Amino acid sequence: MPATLALRNPVSTDVVREIELAGAAEVDAAVARASAAAPAWRAVAPADRARLMRRFADTIAAHADELALLETQNMGMPIGNSTWCANAAADVIHYFAGAIDKHTGSTIPVAGGVDVTFHEPLGVVGLITPWNFPVLMASWKIGPALAAGNTAVLKPAEITPLTAMRLGELALEAGLPEGVLNVVVGTGAEAGWRLVEHPDVRKVAFTGSTAVGKRIMAGCAEQVKRVTLELGGKSANIVFADADIDAAAASAPGAVFDNSGQDCCARSRVLVQRSVFDRFLERFIEASKGFTIGDPMSTDTAMGPLVTAQHLERVRAFTDGLATVYTGPTPSGPGYWHPIMIATPSDADAAICRDEVFGPVAVVIPFDDEADAIRICNDSVYGLSGSVWTGDGSRALRVVRAMDAGTISVNSNSSVRYSTPFGGFKQSGLGREHSMAVLDHYTELKNVFIATGA
Ligand code: NAD
């Protein structure tokens, strides 16, 4: 008897769907299907592969409302955001369809012949995704994996698998050959780990927690399996006194409370220059009061509940007894609700200042000068994202260059786009997603010398 899992709507807590969980045998079968499909898929002419992927993208876009509804029911994301994510997933696939014939090799001047390089597909790749942006994260991996000529087995997070399962069906509807994209839903320990262990899986692309990422990297080492990791963060939002304080404060709630703080790029450490600390804090609190928590099915809602009762408990372990300068409201009735919280802890080593909470909680920390801001920002095992707010262009450049983080924005909290590289420094990850850069992580670089006799 396969194990089953009841998926609950995080607002009503009612069961949305009961799913069967795949084990190692189902993963093996999916890998076998992907292996069988691999030779034909890599042989599809670039323009034809692009055409197929564009059809897949159009099919996703045509089902965006359905995908958005599934996402919101499964994980509580506000419907406006889940609709954006579903359409963005289609755009991602379009982008990588367009990238197929632009990932070119090179010719290198050598004596006695010609030297050329090729980007060869890896074969079957294992894609493991988290629960916080299910359809979007799936597209981030499917797009480059298939564009590069690989076939894929996608294992979404078992608690939010519904949109990924639908993507698997839509791929077939769009005409992608059987076996090119396989979706297997199971636990990380069983189904996910089998992708790490399976000798025919040539690469694991993982997005999730740093703790699991470390285990996956160690597991991949056994076979020198290619691995890329997009992991956790504790990103800094640095506000200098010479910034447009109103703009920085108005933008700060979305930067940390969006998706209920369940965002790897959440700017959960807000560093503010001491001379404007009180002014900024007052406006940040004011703006946070307008970040409405409520029914995710309403387009007026900015923030929904947390994903599961277990995750709510995990977040509460950080926030129970936390002294806050602002605690927002929560709706009455059932649901995995956690209020927005803003705190100004004096102990920089407190867990709330160092650990990834993955909930709607911000700490606001004062700094004295540029050097102090950079010191506090970089005093973290993480280095995923971050922002700098300043009216001084030279300072902006000095600070972003000094930040140990991979994905940064200036006078904005928006730093992730499919056409620009995305990823983390230090324990926030390994490798990059998005842009043409990601295709190098889904291919092997082959070098060939051809003697010409001259
Ligand atoms: P998680 O690490 O618990 O799980 C992620 C995925 O890995 C799931 O599919 C899970 O089933 C699977 N998994 C768990 N244990 C496994 C194992 N032993 N072997 C193989 N697979 C295993 O993370 P989560 O709770 O789903 O997601 C939240 C985390 O993801 C946060 O830390 C967040 O910062 C991170 N995240 C990072 C990015 C990024 O791009 N850097 C994006 C989104 C989320």
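Anything mentioned here points back to the structure above.
Described below are features of the structure shown in this document.

About the thresholds
- Residues numbered from 1 in each chain as written.
- Predicted model: local features only at pLDDT ≥ 70, side-chain atom pairs only at ≥ 80, totals over all residues.
- Heavy atoms only, no water.
- Helix = DSSP H or I, 4+ residues; strand = E, 2+ residues; numbered from the N terminus.
- Rg over C-alpha atoms; globule rule 2.2 N^0.38 Å.
- Buried < 20%, exposed > 50% of the residue type's maximum accessible area, 1.4 Å probe, protein only.
- Contact = heavy atoms within 4.5 Å.
- Phe/Tyr/Trp six-rings, centres within 6.5 Å; stacked < 30°, edge-to-face > 60°.
- Near = heavy atom within 4 Å.
- Polar contact = N/O pair within 3.5 Å; in protein donor to acceptor, adjacent residues only side chain to side chain.
- Areas by Shrake-Rupley, 256 points an atom, 1.4 Å probe, with all protein chains shown as cover.
- Pairing = 2+ DSSP bridges.
- Right-handed = clockwise from strand over helix to strand, strands pointing away.
- Core = buried A, V, L, I, M, F, W, Y, C linked by side-chain atoms within 4.5 Å.
- Expected span 1.5 Å × (residues − 1).
- Bend = angle between axes of the 7 residues up to and from the residue.

**Considerations on the overall build of the protein chain**
- Per the secondary structure count, the protein chain includes 14 helices and 18 strands.
- Its C-alpha atoms give the protein chain a radius of gyration of 23 Å, near enough to 22 Å, the size a compact globule of 454 residues would have.
- Dimensions of the protein chain, computed from the C-alpha atoms along their principal axes, are close to 70 × 60 × 40 Å.
- Across the 454 residues in the protein chain, those meeting the buried criterion constitute 56%.
- If you take every contact in the protein chain between residues at least 6 apart in sequence, the share linking residues at least 24 apart comes to 73%.

**Here's the deal with the packing of aromatic side chains**
- One pass over the structure, following the stated rule, counts eight aromatic pairs.
- A ring pair is formed by Y95 and F96, whose centres lie 4.9 Å apart and whose planes are at 90°; its orientation type is edge-to-face.
- Judged by centre distance (5.4 Å) and plane angle (55°), the ring pair of Y95 and Y418 falls under tilted. Within this pair, whereas Y95 is found in helix α4 (residues 79-99), its partner Y418 is found in the loop between β16 (407-410) and β17 (429-430), the two being separated by 323 residues in sequence.
- Take Y95: its relative accessible area is 22%, and that puts it in the partly exposed class.
- Y418 sits in the partly exposed class, given a relative accessible area of 31%.

**Topic: the site of the ligand**
- If you check the shell around the ligand, you find 28 residues, and the closest are T129, E158, S209, L231 and E356.
- Note that an oxygen atom of the ligand is positioned 2.9 Å from one of the side-chain N or O atoms of K155.
- For the ligand, the accessible surface in isolation is 850 Å², of which the surrounding protein chains cover 89%.
- Only α7 (188-197), β8 (201-207) and α8 (210-221) provide two or more residues apiece to the shell around the ligand.

**Things to note about the sheet that holds strand β14 (residues 361-367)**
- Across the sheet, seven strands lie side by side as β12-β13-β14-β11-β10-β15-β16; this open sheet has mixed pairing. Each edge of the open sheet carries a strand with a single partner, namely β12 (326-327) and β16.

**Details of the pairing of β16**
- Only one face of β16 is covered, namely the face carrying T407 and S409; the face carrying I408 and V410 is uncovered.
- As defined by bridge partners, strand β15 (residues 385-389) adjoins β16 across four bridges and the pair is classed as parallel. By the bridge assignment, G386 is partnered in β16 with I408.
- Of the crossover connections in this fold, the one passing from β15 over helix α14 (residues 393-402) to the parallel β16 is right-handed.

**Observations concerning the nonpolar core**
- Core analysis: the largest hydrophobic core is formed by 60 residues, its most contacted members being F56, L127 and I142.
- Elements with a minimum of two residues in this core: α1 (24-43), α2 (46-62), α3 (64-75), α4, β5 (124-128), α5 (134-147), β6 (151-155) and α6 (162-173).
- For this core, the element with the highest residue contribution is α4, accounting for ten residues.
- For L127, the contacting residues outside a window of four places in its chain are K141, I142, A145, A152, V153, L154, K155, L195, A205 and Y442.
- A252, F257, F280 and V364 belong to the second-largest nonpolar core, a separate cluster that totals 27 residues.

**A word on the pairing of strand β9 (residues 226-230)**
- The element β9 is extensively covered by neighbouring structure, given that four of its five residues are classed as buried.
- Direction of pairing for β8 relative to β9: parallel, over a ladder of five bridges. When the bridges of β9 are listed, K203 appears paired with R226.
- The handedness of the β8 to β9 crossover, carried by α8, is right-handed.
- Where β9 meets β17, two bridges bridge the pair, whose relative direction is antiparallel. Each bridged residue has a counterpart across the sheet, and for L229 the counterpart in β17 is L430.

**With respect to α1**
- Helix length check: α1 (20 residues) gives 29 Å between terminal C-alpha atoms against 28 Å at 1.5 Å per residue, within 8%.
- The sharpest bend along α1 measures roughly 40° and falls at A37, with the proline P39 sitting one to four residues further on.
- What α1 keeps buried is the set V27, A30, V31, A34, A37, A38 and W41.

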